[in-house]
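Okay, here's what each chain looks like letter by letter:
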Amino acid sequence: MGAALLTEPDKIKDILTTLVRGVCKPVTCKIRVLRDVNETIALCKLIQSTGVAALAVHGRTKDERPRHGNRNGVIRSIAERLDIPVIANGGSSDISRYEDFDGFRTNTGASSVMIARSAQWNCSVFRKEGKLPLDDVIVSYLKYAVAYENHPLNTKYCVQQMLQDLQETPRGRLLLAAKELGEICKLWNLSDYFDSKCRAAQKRGSGSLEISNSCVVIKRQRTGDDRLVTEVTLRYIRKHFSDNDLPKPTLLNWASKNGVSKPSYETVNRDKLFKSMVSVDGKKFTPSHWEKNRKSSEQASALAALYALGIRVPEAKQTIRMTAEENLQNKANKQDD
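As a starting point, this report considers the structure included with it. (Residues numbered from 1 in each chain as written. Predicted model: local features only at pLDDT ≥ 70, side-chain atom pairs only at ≥ 80, totals over all residues. Heavy atoms only, no water.)

### Focus on the packing of helix 7 (residues 152-163) against helix 8 (residues 170-177)
Then, number 1: It is at 10 Å that the axes of helix 7 and helix 8 come closest, and there the two elements cross at 155°. Put simply, helix 7 runs roughly antiparallel to helix 8. The two elements helix 7 and helix 8 meet at a crossing, and its hand is left-handed. Along its contact with helix 7, which presents Lys-156, Val-159, Gln-160 and Leu-163, the element helix 8 presents Gly-172, Leu-175, Leu-176 and Ala-177.
Then, number 2: Of the residues contributing to the contact of helix 7 with helix 8, the split by class is 5 nonpolar, 2 polar and 1 charged. (Axes fitted to C-alpha atoms, helices over the stretch in contact; angles between N-to-C directions. Helix = DSSP H or I, 4+ residues; strand = E, 2+ residues; numbered from the N terminus. Parallel < 35°, antiparallel > 145°, perpendicular 65-115°, else oblique. Left-handed = near helix turned anticlockwise from the far one by under 90°. Contact = heavy atoms within 4.5 Å. Nonpolar A, V, L, I, M, F, W, Y, C, P; charged D, E, K, R; others polar.)

### A look at the layout of surface pockets
A probe as big as a water molecule, rolled over the atoms, marks out the empty space that is left.
Then, number 1: In this structure, the second largest pocket occupies an estimated 370 Å³ of space.
Then, number 2: Lining the second largest pocket are 15 residues, with Lys-179, Arg-235, Tyr-236, Arg-238 and Lys-292 sitting closest to its centre.
Then, number 3: Residue composition of the lining of the second largest pocket, by class: 4 nonpolar, 3 polar and 8 charged. (1 Å grid on protein atoms, 1.4 Å probe; cavity = no way out; pocket = protein on both sides within 12 Å on 5 of 7 lines; lining within 4 Å. Points joined across faces, edges and corners; volume = space filled by probe spheres on them.)

### Quick look at the packing of aromatic side chains
Then, number 1: Using the criterion set out here, one finds 4 aromatic pairs in the structure.
Then, number 2: With a centroid separation of 6.0 Å and 70° between ring planes, the pair formed by Tyr-98 and Phe-101 is classed as edge-to-face.
Then, number 3: A residue is classified by how much of its surface remains accessible, and Phe-101, at 13% relative accessible area, is buried.
Then, number 4: Considering the side-chain rings of Tyr-236 and Phe-241, the 5.7 Å spacing of their centres and the 25° angle between planes classify their relative orientation as stacked. Considered together, Tyr-236 and Phe-241 belong to a single accessibility category, that of buried residues.
Then, number 5: One aromatic cluster is present, formed by Tyr-98, Phe-101 and Phe-126 through successive ring pairs.
Then, number 6: The aromatic ring of Tyr-193 is capped on one face by Lys-143, whose charged end is 5.3 Å from the ring centroid.
Then, number 7: Looking at Lys-248, its charged tip hangs above the ring of Tyr-265, at a distance of 4.7 Å from the centre. (Phe/Tyr/Trp six-rings, centres within 6.5 Å; stacked < 30°, edge-to-face > 60°. Buried < 20%, exposed > 50% of the residue type's maximum accessible area, 1.4 Å probe, protein only. Lys NZ or Arg CZ within 6 Å of the ring centre and 35° of its normal.)

### Concerning the environment of Ala-201
Then, number 1: Position of Ala-201 relative to the elements: it lies in helix 10 (residues 191-204).
Then, number 2: Note on Ala-201: relative accessible area 3%, which makes it buried.
Then, number 3: Ala-201 sits 54 residues away from Ala-147 along the chain, and the two C-alpha atoms are 9.8 Å apart.

### Digging into the nonpolar core
Then, number 1: Among the nonpolar cores identified, the biggest contains 30 residues, and Ile-31, Ile-47, Leu-55, Val-57 and Ile-78 are the most heavily contacted of them.
Then, number 2: For Leu-55, the contacting residues outside a window of four places in its chain are Cys-29, Lys-30, Ile-31, Cys-44, Ile-47, Leu-82, Ile-84, Pro-85, Val-86 and Ile-87. (Core = buried A, V, L, I, M, F, W, Y, C linked by side-chain atoms within 4.5 Å.)

### Thoughts on the sheet that holds strand 2 (residues 54-58)
Then, number 1: The strand order 1-2-3-4 describes an open sheet built from 4 strands, whose pairing is parallel. Looking along the sheet, the strands with just one partner apiece sit at the ends: strand 1 (28-32) and strand 4 (112-114). Neighbour to neighbour, the strand axes of the sheet diverge by 25° on average, direction disregarded.
Then, number 2: Bridging between strand 2 and strand 3 (residues 86-89) involves 4 bridges; their strand directions are parallel. Residue pairing across strands places Val-57 opposite Ala-88, the latter belonging to strand 3.
Then, number 3: The strands touched by helix 2 (residues 37-49) within the sheet are strand 1 and strand 2, with strand 1 carrying the most contacts at an inclination of about 170°.
Then, number 4: The strands touched by helix 4 (residues 99-108) within the sheet are strand 3 and strand 4, with strand 4 carrying the most contacts at an inclination of about 115°. (Pairing = 2+ DSSP bridges.)

### Things to note about a nonpolar patch on the surface
Then, number 1: Where nonpolar side chains cluster on the molecular surface, the patch consists of Ile-15, Leu-19 and Val-23 and spans about 210 Å² of accessible area.
Then, number 2: Relative to the helices and strands, Val-23 is located in the loop between helix 1 (9-22) and strand 1. (Patch = residues over 30% accessible without salt bridge, like charges linked within 9 Å, V, L, I, M, F, W, Y side chains within 5 Å. Areas by Shrake-Rupley, 256 points an atom, 1.4 Å probe, with all protein chains shown as cover. Salt bridge = Lys/Arg side-chain N within 4 Å of Asp/Glu carboxyl O.)

### As for the pattern of salt bridges
Then, number 1: Evaluated as defined, the whole model comprises 13 salt bridges.
Then, number 2: Asp-135 is the salt-bridge partner of Arg-171, the closest N and O atoms lying 2.9 Å from each other. Remark: Asp-135 occurs in helix 6 (residues 134-147) and Arg-171 occurs in helix 8; sequence separation between them is 36 residues.
Then, number 3: Note on Arg-171: relative accessible area 30%, which makes it partly exposed.
Then, number 4: A salt bridge links Arg-238 to Asp-243; its shortest N-O distance comes to 2.4 Å.
Then, number 5: You can call Asp-243 exposed: its relative accessible area is 62%.

### A short note on the side chain of Thr-155
Then, number 1: Here Thr-155 lies in helix 7.
Then, number 2: Leaving out residues up to four positions away in the same chain, Thr-155 has contacts with Tyr-141, Leu-142, Ala-145, Asn-150, Leu-181 and Ile-184.

Shown next, in the form of structure tokens:
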């Protein structure tokens, strides 16, 4: 329900009753416990009265964190007093192998169990045969990230969750310095796999698997408001450009020399990521990837326009080129300084 609603039972009842009546699918609800056991049980009974099919209970209060113990006894008291299934949550710290699920379920008296952190650490915890080695899981995950063109920032975050304390190892520190999907893949010996998928995407004329802009695909599509936009599969990588040949000034200079109106930019901010669209010479261009700030997203859209319009894209100076491994090591060394 969201922790803010825990002290607003009337609003909880209105929301859940409306949902149950308005949809044809089973409605479930998830809460955290209150400090008082009896108040928690009363809240759960109210939730049950709305007609929900099941209730998930996290055994900590809204102010408690993973370092605090999970109140398994409170979950058991709830399960004993409700007629609907109760799903126990909050036990990741005690679940490191498949057999631990049943132990958590038994301790809480719940009908089933749901976890988050344990699955992030090693999703093979669900295997009855036992967990796989962490490197095997990371390699498998990275292949999915490449296949589904996952954003490098999110990919990096997920691998960080898997590494946990191993982030302090040499490879872990190189991961912290990585900014591109290709750099992350290289750390797990997947450079050839990444490059092959990149070439395949270029051959198909679809996809956005590039990180060095060696595989640029241009495609046109319509937006929700029926505007025709040219999307270019690339990301803006700052180190590839000197201060004198950034995409935005390059595009502006081209427009000025050709008597075209000054490029204008529209930017969307979603989940702390940014994506821009530039309008130039009556046409609209956007990159395939989202960027971490507005400035980079505008540079990326300008770069997309340069590629699509066939304008010479400034090449990175030879003096700043380096292999992915050298680049990562250089970043890691700077963090030590």
